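Chain residues, written in single-letter form:
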Amino acid sequence: MPHADTLDIVHHDDTRTRFKDVRYQLHRNGIRIWSAEGEHAITDVLMTQAYRRRSADR
């Protein structure tokens, strides 16, 4: 399961949702996200952008 430091979701109505420090799974019907706040299932996904900062020693 991928991990993202920042995960941005653009919805079909052009609104955006941002999550910090999450694990996620993309599905045909949307995205499932696990964060410190709990589990989220979002189905109105137009686009996602995931960012992961890596330390310089890797």
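Structure shown above.
Definitions and limits used
- Residues numbered from 1 in each chain as written.
- Predicted model: local features only at pLDDT ≥ 70, side-chain atom pairs only at ≥ 80, totals over all residues.
- Heavy atoms only, no water.
- Pairing = 2+ DSSP bridges.
- Helix = DSSP H or I, 4+ residues; strand = E, 2+ residues; numbered from the N terminus.
- Axes fitted to C-alpha atoms, helices over the stretch in contact; angles between N-to-C directions.

### Let's talk about the sheet that holds strand E3 (residues 30-35)
As summarised here, the arrangement of the 5 strands in space is E4-E3-E2-E1-E5, forming an open sheet in which the pairing is antiparallel. Looking at strand neighbours, the two that pair on one side only are strand E4 (38-42) and strand E5 (45-51), the edges of this open sheet. Neighbour-to-neighbour, the strand axes of this sheet turn through a mean angle of 45°, independent of strand direction. For strand E1 (residues 3-11) and E5, the ladder comprises 6 bridges, and the chain directions are antiparallel. Considered in E5, the bridge of Thr-6 is made with Tyr-51.

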